[in-house]
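One letter stands for each residue in the lines below.
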Amino acid sequence: MADVLKKVPVREQEPKVRAANFEEVCLGYNQEEAMEEASRCINCKNAKCISGCPVAIDIPGFIKEVKEGNIEEAYKVIGKSSALPAICGRVCPQESQCEGKCIRGIKGEPVSIGKLERFVADYALEHDINPEGPETTNGHKVAVIGSGPSGLTCAGDLAKMGYEVTVFEALHELGGVLVYGIPEFRLPKQKVVAKEIEKVKELGVKFETNVVIGKSTTIDQLIEEEGFEAVFIGSGAGLPMFMGIPGENANGVFSANEYLTRSNLMKAFDDSYDTPIAGGKKVAVVGGGNVAMDAARTALRLGAEVHIVYRRSEAELPARVEEVHHAKEEGVIFDLLTNPKEIFVDDSGNVKGMKVIKMELGEPDASGRRRPVEVPGSEYEIEVDTVIMSLGTSPNPLISSTTKGLETNRWKCIVADEEFGKTSKEGVYAGGDAVTGAATVILAMGAGKAGARGIDAYLKNR
Amino acid sequence: MYKILKAEKLADKIILMDVLAPRVAKHCQPGQFVIVKMDDKGERIPLTICDYDREAGTITIVFQEVGASTTKMADLKEGDAFRDFVGPLGCASEFVNEAPEELKKKKMLFVAGGVGAAPVYPQVKWLHEHGIEADVVLGAKTKDMVILEQELEAVSGNLYVTTDDGSYGRSGMVTAVIEDLVQKEGKNYDVCVAIGPMIMMKFVCLLTKKLGLPTIVSMNPIMVDGTGMCGACRLQVGDQIKFACVDGPEFDGHLVDFDQAMKRSQMYKTEEGRAMLKLTEGDTHHGGCGNCGGDN
């Protein structure tokens, strides 16, 4: 019998092997492993894990079914709260959410809730088990803008309540950040994302791609001309940020968004697709978040030596521990307490190197983290041919600037309340990165659920 | 899918197509562009809008075969379809939002080089429909490469055609024509709009700066999503970084750093060159030079 204090280990591709391919890193549990791990759950009466989940999945409830081998039942329990479990099981920061609250975690390792959720969801995808849709629609039309995690969740929830939902997507593929941002090796697109979106379609949700709200049409026109009675904005984060240092427009300097979009959405890593990507031989990724890890591990797989250049220390890395661990295992080099000063450019306009400076941690700043300050005279040069800026994004003004009466805050994020996603404009709700700035998939899903509740209440009381 | 209702060759390697895209046709304005994607594995290619018919729901695009993707695209025929066609993207030309009385006072000169005639046409046509006759310089390398001449003739004030080799119309570059018009033929213009290859726009701007003629250019850098998400299309405009897809595509030409923009547009030259070889030579393109060892 395994050690009850420890998680049943999950199978992964060997670091050396996976560093050269785009197949999924984590292989997940099989049923036997899942049932063994499920038996570690002590089914707390006042389960803290549920409160740690932004969409409040009945975690002990579904784990109990797994324990007994009723995987289809387990899927139904999750399905009451989440439309995208195969995705969340892979990309949620469980360590700071559900698993962070698990009683098992006090003395040993918490129950591996994320991996169990993933197992149940994958089982449902493989066995064609569909969520339960409504019997009839209620005739009310709702538009959802963006097919990322918040939009899909909001659309799924509204469809279950009987609304006629149409999702408008600006890109040519559905899924938002799930397809353009998160790499294949963390979240398989065909096997997981496309299939999970199929399930939302099964609920009766309609999708229209290639519609840029604010350009192809506006929110006011959707309401006035196309008969939508309410709108949910889940348009995501926006414009990539750059540092403003010399040389930043050189060929070979990319935003992480561009680098990842070329690889993930346009499949530039696959030779049979037409979009090119300059993989680079020696790559510096500037930043320390999950997106930086994704960009670094993508560059590694495209054959480069990769350095993460981050101005604080390892303890402050905003990325998930698991992502940092995986990146290190695969051979990404961490240049911590280091910050770029200038990018050197050759005569043809290509990156040939970067000047960086060592940093040390000073007093805590507004974020509560110790502020990095430059160590005088510690500049040095590193030889790189590619620099990927992963510094976050600022909101895209396409929607806020074309919608009458939609209030934004000083960061240009759409103002919406947390409980119902209500904005300053009647009938218009919002959530996800468009409201909060760049955050996580599951927080966006939580906001999608809030928006669905808000729209339902609004249309019922009208 | 977005059906092609008409496909026509305007000149060597220059193709015109009418595409059914009602949402785009309903909302587009002069100055804006679209992004097309041919099939599942194709690139997203930004193209200027040459004309639109709001009632028929069609957009006219004009493009030149320059890389692997546009060469494949040129093979599409009437009845075929694009997998994706998104727009209108970017901002409308500034004059669209100007007060008509103010606009009528302005003398405008449009300079179109090569396929630049395509984005110039809807602008001049829009002005014509609003009672404003703008002058147009239409330049091409040689007679056979002059496009949209009749269409422009019908909507412009004076149309000056010029070819680099003197085989048709006036002789010489568009810059020579602008110089003649302003300095020898006594023309006074308040604003110039120059659209064409980046090198042409650069030299037009050098000239008009000297002439004190404010000039707007339409930039066509490398793009991926076209909605502001990736930053691939960033340009140095004065002391600011601008994204051509959401801030542009039109900018004050006297502030644009053309040298940097031209270097940036060379970025994928080798990758695109490789893709082109793969397309024209099929599977045999690997190891062709005998130097690298290739795949065998």
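Counting of residues starts from 1 at the beginning of each chain's written sequence and follows it residue by residue. Chains carry letters from A onward and ligands carry numbers from 1 onward, assigned in written order. Only residues with pLDDT of at least 70 are given local features in this predicted model, and only at 80 or more are side-chain atom pairs given and counted; all residues enter the totals for whole chains, interfaces and linings. The side-chain numbers reported here are obtained from all heavy atoms of the structure, hydrogens and water having been left aside.

Caption draft 1: Up close: the packing of aromatic side chains. All names here are of chain A. Classification of ring pairs uses Phe, Tyr and Trp, with its six-membered ring standing for Trp, and accepts pairs whose centres are within 6.5 Å; under 30 degrees between planes counts as stacked, over 60 as edge-to-face, and the remaining range as tilted. Overall, the coordinates contain 9 aromatic pairs over all chains when judged by the stated rule. Residues Tyr 429 and Tyr 458 carry aromatic rings whose centres are separated by 6.1 Å and whose planes lie at 50° to one another, so their mutual orientation is tilted. Pair noted here: Tyr 429 is in strand E18 (residues 428-430) and Tyr 458 is in helix H17 (residues 441-460), with a separation of 29 residues, a long-range link. Overall, the relative accessible area of 4% leaves Tyr 429 in the buried class. Comment: the charge-over-ring label is applied if NZ (Lys) or CZ (Arg) is within 6 Å of the ring centre and within 35 degrees of the ring normal. Here the basic side chain of Arg 301 rests over the ring of Phe 185, its NZ or CZ set 3.7 Å away from the ring centre. The numbering of helices and of strands both runs from the N terminus, where a helix is a DSSP run of H or I of at least 4 residues and a strand a run of E of at least 2. Using a 1.4 Å probe on the protein chains alone, a residue whose accessible area is under 20% of its type maximum counts as buried, one over 50% counts as exposed, and one in between counts as partly exposed.

Caption draft 2: The sheet that holds strand E4 (residues 164-168) of chain A, seen in detail. All names here are of chain A. For two strands to pair, DSSP has to find at least two bridges joining them. With respect to topology, 5 strands assemble into an open sheet ordered E5-E4-E3-E6-E18, the strand pairing being parallel. Each having just a single partner strand, strand E5 (206-208) and E18 make up the two edges of the open sheet. Within this sheet the neighbouring strands show an average axis-to-axis angle of 20°, counted without direction. The sheet contact formed by E4 and E5 spans 3 bridges and is parallel. Residue Phe 168 lies in a different strand from E5, and its bridge partner there is Glu 208. Contacts are assigned to residue pairs that have any heavy atoms within 4.5 Å of one another. Interaxial angle, 0 to 180 degrees, is taken between N-to-C directions of lines fitted to C-alpha atoms, where a helix line uses only the stretch in contact. Set on the sheet, H17 makes contact with strand E3 (141-145), strand E6 (230-233) and E18; between it and E6 the angle comes to about 170°.

Caption draft 3: Focus on the interface of chain B and chain A. Listed by partner, the interface residues are 44 residues for chain B and 47 residues for chain A. Accessible area that two parts lose when put together, with a 1.4 Å probe and added across both, is what the buried area reports. Around 3,800 Å² of area is buried between chain B and chain A when both sides are counted, 50% of it from carbon and sulfur atoms. The largest per-residue losses of area from chain B upon contact with chain A belong to Arg23(B), Lys41(B) and Met229(B), which jointly make up 20% of the total buried on that side. Throughout this description, the term salt bridge denotes a Lys or Arg side-chain nitrogen within 4 Å of a carboxyl oxygen of Asp or Glu. Along the contact surface separating chain B from chain A lie 5 salt bridges. The salt bridge partner of Glu208(A) is Arg23(B), with a shortest N-O separation of 2.8 Å. Nitrogen and oxygen atoms within 3.5 Å of one another constitute a polar contact, given that in protein one can donate a hydrogen and the other can accept it, and given that sequence-neighbouring residues count only through two side-chain atoms. One can count 26 residue pairs in polar contact (both at pLDDT 80 or more) joining chain B with chain A.

Caption draft 4: Structural context of the UniProt feature "domain: FAD-binding FR-type" (unreviewed entry) in chain B. UniProt positions are given in the numbering used here, feature names are shortened, and annotations may be inferred rather than shown by experiment. Mapped onto this numbering, the UniProt entry annotates "domain: FAD-binding FR-type" (unreviewed entry) at residues 1-98 of chain B. Structurally, residues 1-98 of chain B comprises 12% helix and 47% strand, and the distance from its first C-alpha atom to its last is 36 Å.

Caption draft 5: Broad picture of the pairing of strand E3 (residues 33-37) of chain B. All names here are of chain B. Burial of E3 is extensive: 5 of the 5 residues sit out of reach of the surface. On E3, burial covers both faces: Phe 33, Ile 35 and Lys 37 on one face and Val 34 and Val 36 on the other are all buried. The sheet contact formed by E3 and strand E4 (residues 45-53) spans 4 bridges and is antiparallel. Across the sheet, the residue bridging to Ile 35 is Pro 46, located in E4.

Caption draft 6: Main features of the packing of helix H8 (residues 113-126) of chain A against helix H11 (residues 189-202) of chain A. All names here are of chain A. Where H8 contacts H11, the two axes come as close as 11 Å, and the packing angle between them is 70°. The orientation of H8 relative to H11 falls into the category roughly perpendicular. Only Lys 191, Val 192, Lys 195, Glu 196 and Lys 199 of H11 make contact with H8, whose side of the interface consists of Ala 121, Ala 124 and Leu 125. Residue polarity follows a fixed list, in which Ala, Val, Leu, Ile, Met, Phe, Trp, Tyr, Cys and Pro are nonpolar, Asp, Glu, Lys and Arg are charged, and the others, Gly among them, are polar. Residue composition of the contact of H8 with H11, by class: 4 nonpolar, no polar and 4 charged. Note on angle classes: values under 35 degrees are labelled roughly parallel, values over 145 roughly antiparallel, values of 65 to 115 roughly perpendicular, and the remainder oblique.

Caption draft 7: View of the UniProt feature "binding site: FAD" (unreviewed entry) in chain B. Residues and elements named next belong to chain B. UniProt marks Val 62, Phe 63 and Gln 64 with the feature "binding site: FAD" (unreviewed entry), using the numbering shown here. Mapped onto the fold, Phe 63 is located in strand E5 (residues 58-64). Filtering out sequence-adjacent residues up to four positions away, Phe 63 remains in contact with Lys 13, Ile 14, Ile 15, Met 17, Leu 47, Thr 70, Met 73, Ala 74 and Val 115. Judged by its relative accessible area of 30%, Gln 64 is partly exposed.

Caption draft 8: Spatial organisation of empty space enclosed by the protein. Residue and element names in this part refer to chain A. The way it works is a 1 Å grid over only the protein atoms, where trapped points that fit a 1.4 Å probe form a cavity and open points with protein on both sides within 12 Å along at least five of seven lines form a pocket, and then any residue with an atom within 4 Å of a point lines it. Grid points are joined across faces, edges and corners, and a volume is the space filled by probe spheres set on the points. Counting across every chain of the model gives 7 cavities of 30 Å³ or more. Forming the boundary of the largest cavity are 15 residues, of which Cys 26, Arg 90, Arg 118, Arg 186 and Glu 322 lie nearest the centre. Only helix H6 (85-91), H8 and helix H15 (321-330) provide two or more residues apiece to the lining of the largest cavity. Tallying contributions element by element places H15 first for the lining of the largest cavity, with 3 residues. Domain assignment of the residues forming the lining of the largest cavity places at least three in each of domain 1 (11-126) and domain 3 (242-391). Where each domain starts and ends comes from a domain assignment, either automatic or drawn from a database.

Caption draft 9: The arrangement of unusual backbone geometry in detail. Residue Gly87(B) is joined to Pro88(B) through a cis peptide bond whose omega torsion reads -5°. Its location among the elements puts Pro88(B) in strand E7 (residues 84-89). In this model, Gly248(B) is joined to Pro249(B) through a cis peptide bond whose omega is 10°. Looking at the secondary structure, you find Pro249(B) in the loop between helix H8 (244-247) and strand E16 (250-252). In this structure, Asn43(A) takes a positive phi of about 50° despite not being glycine. Inspection of the secondary structure puts Asn43(A) in the loop between helix H2 (31-38) and helix H3 (48-51). The backbone of Asn210(A) sits at a positive phi, close to 60°, despite the residue not being glycine. Counting through the fold element by element, Asn210(A) comes out in the loop between E5 and helix H12 (219-224). On the accessibility criterion, Asn210(A) (4% relative accessible area) is buried.

Caption draft 10: Representation of the nonpolar core within the structure. Of all hydrophobic cores here, the largest spans 77 residues; its most connected members are Ile59(A), Phe62(A), Ile63(A), Val66(A), Ile87(A), Leu116(A) and Val120(A). Here this core gathers at least three residues from each of two domains, domain 1 (11-126) and domain 2 (141-238 + 395-460) of chain A. Here the nonpolar core consists of buried residues drawn from Ala, Val, Leu, Ile, Met, Phe, Trp, Tyr and Cys, with membership extended through side-chain atoms lying within 4.5 Å.

Caption draft 11: Molecular detail of helix H4 (residues 59-67) of chain A. Residues and elements named next belong to chain A. H4 sits mainly inside the fold: 7 of its 9 residues count as buried. Residues of H4 that are buried include every one of Ile 59, Pro 60, Gly 61, Phe 62, Ile 63, Glu 65 and Val 66, and no others. Against H2, H3, helix H5 (71-79) and H8 lie the buried residues of H4. Looking at the residues trailing H4, positive phi occurs at Gly 69, about 80°.

Caption draft 12: Structural view of the domain arrangement of chain A. Residues and elements named next belong to chain A. Here chain A is partitioned into domain 1 (11-126), domain 2 (141-238 + 395-460) and domain 3 (242-391). A C-alpha centroid distance of 26 Å is found between domain 1 and domain 2. If you look at the interface, domain 1 gives 25 residues, while domain 2 gives 25 residues. In total, about 2,200 Å² of surface goes out of reach between domain 1 and domain 2, with carbon and sulfur atoms giving 71% of it. Interface area lost by domain 1 to domain 2 is led by Leu 84, Ile 87 and Leu 125, which between them contribute 28%. Here domain 1 is connected to domain 2 by 1 salt bridge. At the surface where domain 1 touches domain 2, the tally comes to 5 residue pairs in polar contact (both at pLDDT 80 or more). Taken together, the elements giving at least two residues each to the side of domain 1 that touches domain 2 come down to H5, H6 and H8. The element best represented in the side of domain 1 that touches domain 2 is H6, accounting for 6 residues. For the side of domain 1 that touches domain 2, the per-class residue count stands at 17 nonpolar, 4 polar and 4 charged.

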